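Each chain is listed here by its residues.
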Amino acid sequence: HQLATVRLVLSEIGASDIDEMVVFNKVDAIDETTRVRLEALHTDAVFISALSGEGIDNLLERVVDGLHALTVELELSIPYARGDLLAEAHEVGEVLKLDHTDVGTDITVRLPNEEVSRFRLFVKSIDD
């Protein structure tokens, strides 16, 4: 009932189309029959226990995967004259690798999808 109520509120505020992750906490406090039933009803849910730590690694993995779905990894070659773009890459993304060359800076950066167009002229390769 709580899940249905949350979804109703999200719908009322116009947020029903936003991706969700259902997480059931306190799985250490329920019996096996209840857990099996919940897992069958909510096959994509994450089951955790903050007390015992059960499922926390799975939750973190799912969060990271979800965030990575909103980003793209790019290899860029930015001329030294465009240091402003290098600064922007650091500001809006996660710089994973940086190498200085004779003509500029080669970087591997993970950027939010909506930021990619700013760097399109300097893309060497894309890794989705």
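Cut-offs and rules
Residues numbered from 1 in each chain as written. Predicted model: local features only at pLDDT ≥ 70, side-chain atom pairs only at ≥ 80, totals over all residues. Heavy atoms only, no water. Helix = DSSP H or I, 4+ residues; strand = E, 2+ residues; numbered from the N terminus. Rg over C-alpha atoms; globule rule 2.2 N^0.38 Å. Buried < 20%, exposed > 50% of the residue type's maximum accessible area, 1.4 Å probe, protein only. Contact = heavy atoms within 4.5 Å. Areas by Shrake-Rupley, 256 points an atom, 1.4 Å probe, with all protein chains shown as cover. Lys, Arg positive; Asp, Glu negative; His and termini not counted. Charge placed at Lys NZ, Arg CZ, Asp CG, Glu CD. Phe/Tyr/Trp six-rings, centres within 6.5 Å; stacked < 30°, edge-to-face > 60°. Arc of directions from axis to C-beta. pLDDT = per-residue confidence, 0-100.

Undergrad: Tell me about the overall build of the protein, residues and numbers included.
TA: Of regular secondary structure, the protein possesses four helices and six strands. Listed N to C, the secondary structure of the protein is α-β-α-β-α-β-α-β-β-β in terms of helices and strands. Computed over the C-alpha atoms, the radius of gyration of the protein is 21 Å, more than 25% above the 14 Å expected from 2.2 N^0.38 for a compact globule of 128 residues. Based on the C-alpha atoms only, the size of the protein along its principal axes is roughly 65 × 35 × 20 Å. Counting the 128 residues in the protein, one finds 25% classified as buried. For the protein, the share of sequence-separated contacts (at least 6 apart) that also reach a separation of at least 24 residues comes to 51%. For the protein, the accessible surface area stands at approximately 9,000 Å², while carbon and sulfur atoms represent 54% of it. Distance between charge centres in the protein, computed from 11 positive and 26 negative side chains, equals 2 Å.

Undergrad: Would you mind going over the packing of aromatic side chains in detail, with residue names and values included?
TA: Tallied over the entire structure, the rule returns one aromatic pair. Note on Phe24 and Phe47: the rings are 5.1 Å apart at their centroids and 15 degrees apart in plane angle, and the pair reads as stacked. In this pair, Phe24 is assigned in strand 1 (residues 23-24) and Phe47 in strand 2 (residues 46-47), connecting sequence segments 23 residues apart.

Undergrad: Could you give an account of the environment of Arg35, naming the residues involved and the relevant values?
TA: Topologically, Arg35 is positioned in helix 2 (residues 32-41). As for Arg35 and Phe24, which are separated by 11 residues in sequence, their C-alpha atoms are 9.7 Å apart. Those residues in contact with Arg35 that sit more than four places away from it in its chain are Val27, Ile30, Phe47 and Glu54.

Undergrad: Please set out helix 4 (residues 83-92) residue by residue, giving values where relevant.
TA: All of the buried residues in helix 4 are Leu85, Leu86 and Ala89. One side of helix 4 holds all its buried residues, which, seen down the axis, span an arc of 105 degrees. Here the buried face of helix 4 lies against strand 3 (71-79), strand 4 (94-100) and strand 5 (104-112).

Undergrad: Describe the confidence of the model for the protein, with residues and values.
TA: This prediction gives the protein a mean pLDDT of 93; 98% of its residues lie at or above 70. Ranking the elements of the protein by mean pLDDT puts strand 6 (residues 123-127) last with 77 and strand 2 first with 97.

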